[in-house]
Structures are given as structure tokens and as C-alpha cells.
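The primary structure of each chain is shown beneath.
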Amino acid sequence: MELVRSWGLEAEVRGDAIDVEWLGWMGDTLASPTGSALPVGFPTRHQSALISPTGTACVSQGHSRRCCSPICDRSRRRAWSWEPR
């Protein structure tokens with residue numbers, strides 16, 4: 001999200017985001033009301049807020065690709081538009 005934010009696309013990408021807290025669940029079943037949440041490697045909202053103005057987002061790959069494609073395409077063209085000397 002840091003790159004997306006620096007490109008000015010954070011609001012657009014987050015437009016289809018699902019509001020989640022990135023935690024796993026350990027219980028008898030996933031639907032079980034008894035169990036415990038455990039970290040899965042992503043920072044919590046609180047942890048993200050301490051180090052960055054943005055945080056993780058749960059967004060489909062297709063949506064994020066549609067939002068970021070124009071910038072990635074321009075960047076790729078610039079990277080490969082060199083002339084040998």
C-alpha cells in the first residue's frame with residue numbers, strides 16, 4: 001500500500017476493499033464461537049498506524065491491477081525505452 005499511496009491511488013484501490021483485521025482463527029471449526037485469534041504475519045491496524053499513514057488492505061487482485069495498470073505500464077515503458085550508445 002505504500003507504493004499505491006505514493007502513486008495517489010490509495011482511495012481508488014481501497015474503494016473495493018473488504019474491512020478485515022488480518023488475524024487467523026483457531027477453534028474446533030471456523031464457525032465455532034469459541035476459539036482464539038492469532039497473528040498471521042500482517043500488522044494489525046493499530047501496529048500499521050504507528051509506522052505508516054496507510055495500512056494493509058484486502059483487495060482483489062483484479063481490482064488492484066485495474067487501478068494500477070496505467071502507472072505500471074508507463075513505468076515499464078520508461079524502463080525499456082533506452083537507446084544503446
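The text that follows walks through the structure, step by step, so that each part is easy to find. (Residues numbered from 1 in each chain as written. Predicted model: local features only at pLDDT ≥ 70, side-chain atom pairs only at ≥ 80, totals over all residues. Heavy atoms only, no water.)

Right, let's get into the overall build of the protein. From N to C terminus, the protein includes 4 helices and 2 strands. Secondary structure elements of the protein, listed N to C terminal, follow the sequence α-α-β-β-α-α. Evaluated residue by residue, the protein yields a buried proportion of 16% over its 85 residues. Long-range pairs, those at least 24 residues apart, make up 54% of the contacts in the protein between residues at least 6 apart in sequence. Taken as a whole, the protein presents about 6,800 Å² of accessible surface, with 58% of it coming from carbon and sulfur. (Helix = DSSP H or I, 4+ residues; strand = E, 2+ residues; numbered from the N terminus. Buried < 20%, exposed > 50% of the residue type's maximum accessible area, 1.4 Å probe, protein only. Contact = heavy atoms within 4.5 Å. Areas by Shrake-Rupley, 256 points an atom, 1.4 Å probe, with all protein chains shown as cover.)

The biggest cluster of nonpolar side chains holds 5 residues, and these are Val4, Leu9, Val13, Cys67 and Cys68. Setting aside residues up to four positions removed in sequence, Val13 forms contacts with Met1, Val4, Val59, His63, Ser64, Cys67 and Cys68. (Core = buried A, V, L, I, M, F, W, Y, C linked by side-chain atoms within 4.5 Å.)

The subject of this paragraph is the layout of surface pockets. In this structure, the largest pocket occupies an estimated 150 Å³ of space. Together, 15 residues line the largest pocket, and Arg14, Val20, Arg45, Thr56 and Ala57 are the ones closest to its centre. (1 Å grid on protein atoms, 1.4 Å probe; cavity = no way out; pocket = protein on both sides within 12 Å on 5 of 7 lines; lining within 4 Å. Points joined across faces, edges and corners; volume = space filled by probe spheres on them.)

On to the side chain of Glu10. Inspection of the secondary structure assignment puts Glu10 in helix H2 (residues 10-14). In this structure Glu10 comes out as buried when scored by relative accessible area, which is 18%. Filtering out sequence-adjacent residues up to four positions away, Glu10 remains in contact with Met1, Val4, Arg5 and Thr54.

Keep in mind that these numbers describe shape and distance, not what the molecule does.
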